Amino acid sequence: MTTAPAARRNSVGTAHTRVEGRDKVTGTARYAAEIPFDELAHGWLVLSTVARGRIRSVEDAPVLAMPGVAAVLHHGNAPRVDTDYVGLLGVPPDPTAAVFQHDRVPHLGWPVALVVADTSEQAREAAEALVVHYEQEPHDVDFAAEHPDAYPVDNHGPAVIENGDLEAELAASDVVLDAEYTTPEEHHNPMEPHAATALWDGGRLEIVDSNQGTMWVASELAKLFSLDPASLRVRSEHVGGGFGSKGVRAHQVAAVMAATVLQRPVRVVMTRRQMFSLAGYRSPTRQRLRLGADADGRLRALEHSSLSLTSTVHEFMESAALPARTMYGADAHHTANRLVRLDVPTPTWMRAPGEAPGSFALESAFDELAEKCGLDPIELRVRNEPERGPVSGLPFSGRNLPACFREGARRFGWEGRDPRPGVRRDGRLLLGTGTAAAFFPAGSAPSTAAVTAEADGTFTVRVNATDIGTGARTALTLVAADALETAPERVRVHIGDSDFGPAFIAGGSMGTRSWAWAVKAAAEELRERLALGATVPPEGLTVRSDTTEAVGALAPKERHSFGAQFAEVAVDPATGEVRVRRMLGIFAAGRIVNPLTARGQFIGGMTWGISMALHEEAVRDHGTGGHYGADLAGYHVAAHADVPPIEVDWIDDPDPDDPVGIKGIGEIGIVGAAAAIANAVWHATGVRHRHLPIRPDRVLTAGRHA
Ligand code: MOS
């Protein structure tokens, strides 16, 4: 650590392998469920087998007599928690996480008990032997097109915004498109399942967890259990993916309850199958787009309305109609998000919540409108570039969408593309290309950081960031090194510990930007003090920062990242199989801190876009109310053989209002990717696919119904 020279370098913007990469590939890095504890007990969650009703009884006595079993927690004996609060993200807690508080069962897979035993195997065997009697009631899990109970929900702004006379503008339009698009229920499935260990240590509650923000989890657990926040510590050192699913969930709460009752460390790990009902998911959507344009493609009318679902116990909305408010202007501009409550688990944030399904509909519709106008789809978008936020009227902090399309078109070889569908062949395969815009909000939130000059000449950064696989730890190392005018090798970054103080979560593509702001502020002040001759005592010299004021002073603007997605597909008309042959994404997403890990983020998002376009679909059984195949055999995700070479690059687009120039890149890679593929499938076959995933059976039968 001290061998590298203390030289000034420009580390931000140069490729660095992950600072914890060696630990990860050698197994030295330990994940939440791998950290050993003395006297550790293992909890196994028992989930309901009915989709609606009441728990009549839990036959815990026979299970308590089984080998190693220490406790069976359920609604009849579990500690009470307080759910009457508003959490860090401005919403009340999801009752699904506040386990064992009542006898009601609102969906299949609802946590009804935790069996705790000396070993994981004993806990599992006892949990599987536990008999729970239910009073079953009829359930409704059908996400129908016209549900009578659908209602509008405000989420990041008003649910419904209606500017201008839509019907009049549609009537006056030369070209009109009216189409419905649907996306299915989709699941995050991070590689590392949710896992938490809770223990009381000298009057302090410790939770070793896999989450997207220890402050988030700590603050909510403190409220649930009515604890002084200082009496609780949450750590989350390495996280094998989160994608929005790793907030406060049943496993942490159940582990805390059991550790409290038994006064010994208790670990609760979700199985892959349990994650399908306990970890949240992306709601299915039904979206209607009505676009009206002049003959030259200028939009007169834009209507985007979206229906998604939530559970009967908690309100979460997939805001698919939201991005249209930023993307395109129209004389009449109507957007609406509506929700229906069904007897299903509560959905949650999943990579690009709202934008991922919303962009499929919006960017498919733009491709259809371009076809109707006889315009190139890129030209249609360029002609509809707004000067200011189409609904907000606010200036953009930067809007480099046309530049992304220009560079993308050049690199992809878009020029000279024959717009006619269904005319290119490679043997029996039909070939096509498609494009779509990508977009995602750029935001920052208050964070704190501490940077210490050590007596040996190295530096230690403590910031309560979480690296859920994004490379945040490495990015922060580079940011700190530049601010300290030293080499990254002389900087160590500690993250994932609520004792480090408040910091934003790894979410909303806001993590690295929010933390980097705080790290840079503390590091720069430390460097100045050292330059002025401050001496470093043996315990080190520490400077702390808090960006609350600076972030709060940001002027209101439309702040977003943008991108252009391109895809080429080959469709086999004999089997209905769609294969993506190549993809290109060009992004304007702020200053890129670490090109190596950033490229991985974009490619990961685009890969998920392939998966969303062609594979992913959780199917709910009308009869039982549960899933068919709630595992990675039944739920298809893109595998290596499905993913072609994906090319990613970016244009220079530093955020003028961010100290490092960052905008955030965690989510934009998936946005527009499925639309680009669907548009390419149309170009190949002449058939529009408005329902995801584009399965072989849909390709085979679509033309026949047209
Ligand atoms: Mo992301 S869906 O904000 O983790």
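Residues numbered from 1 in each chain as written. Predicted model: local features only at pLDDT ≥ 70, side-chain atom pairs only at ≥ 80, totals over all residues. Heavy atoms only, no water.

Peer 1: Explain the domain arrangement of the protein chain residue by residue, including any values.
Peer 2: For the protein chain, the assigned domains are domain 1 (21-28 + 445-552), domain 2 (41-138 + 191-241 + 246-278) and domain 3 (151-186 + 281-442 + 557-705). Each of domain 2 and domain 3 was reduced to a C-alpha centroid, and the two centroids are 36 Å apart. Facing the 19 residues of domain 2 at the interface are 17 residues of domain 3. Of the roughly 1,500 Å² buried at the junction of domain 2 and domain 3 (both faces included), carbon and sulfur atoms supply 64%. Inspection of the region where domain 2 meets domain 3 yields two salt bridges. A salt bridge links arginine 52 to aspartate 343; its shortest N-O distance comes to 2.7 Å. Our count for the contact surface shared by domain 2 and domain 3 stands at three residue pairs in polar contact (both at pLDDT 80 or more). Here the side of domain 2 that touches domain 3 is built from residues that sort into 11 nonpolar, three polar and five charged. (Domains from an automatic or database assignment. Contact = heavy atoms within 4.5 Å. Buried area = accessible area lost by both parts, 1.4 Å probe. Salt bridge = Lys/Arg side-chain N within 4 Å of Asp/Glu carboxyl O. Polar contact = N/O pair within 3.5 Å; in protein donor to acceptor, adjacent residues only side chain to side chain. Nonpolar A, V, L, I, M, F, W, Y, C, P; charged D, E, K, R; others polar.)

Peer 1: Go over unusual backbone geometry with me, naming the residues and quoting the values.
Peer 2: As a rule of thumb, non-glycine residues mostly have phi less than zero, and peptide bonds are mostly trans rather than cis. The residue after leucine 692, namely proline 693, is reached through a cis peptide bond having omega -5°. As for its position among the elements, proline 693 is in the loop between helix H16 (673-685) and helix H17 (696-705). Phi at phenylalanine 100 takes a positive value of approximately 60°, unusual for a residue other than glycine. (Helix = DSSP H or I, 4+ residues; strand = E, 2+ residues; numbered from the N terminus.)

Peer 1: Can you explain the packing of aromatic side chains? Please cite residues and give values.
Peer 2: Applying the stated criterion across every chain, the model contains 13 aromatic pairs. Consider the rings of phenylalanine 412 and tryptophan 414, whose centres lie 6.5 Å apart with planes at 45°: the pair is tilted. Residues phenylalanine 412 and tryptophan 414 agree in their burial class; the two are buried. Where tryptophan 414 meets phenylalanine 566, the ring centres are 5.5 Å apart and the plane angle is 70°; that geometry is what we call edge-to-face. (Phe/Tyr/Trp six-rings, centres within 6.5 Å; stacked < 30°, edge-to-face > 60°. Buried < 20%, exposed > 50% of the residue type's maximum accessible area, 1.4 Å probe, protein only.)

Peer 1: Got a sec to walk through the pairing of strand E1 (residues 41-47)? Specific residues and values, please.
Peer 2: By the criterion of burial, E1 is predominantly enclosed, with seven of the seven residues buried. Along E1, one buried face is formed by Ala41, Gly43, Leu45 and Leu47 and the opposite face, lined by His42, Trp44 and Val46, is buried too. With three bridges joining them, E1 and strand E13 (residues 266-269) adopt parallel strand pairing. The residue bridging glycine 43 from the neighbouring strand is valine 268, located in E13. (Pairing = 2+ DSSP bridges.)

Peer 1: Hey, could you go over the pairing of strand E2 (residues 53-59) for me, with residue numbers and the actual values?
Peer 2: As judged from the two bridges shared by E2 and strand E4 (residues 104-105), these two strands associate in the antiparallel manner. Within E4, the position partnered with glycine 53 by the bridge is valine 105. Two strands pair when backbone bridges link them, and E2 and strand E6 (residues 131-136) are joined in this way by six bridges, in the antiparallel orientation. Directly across from isoleucine 55, in E6, lies its bridge partner tyrosine 134.

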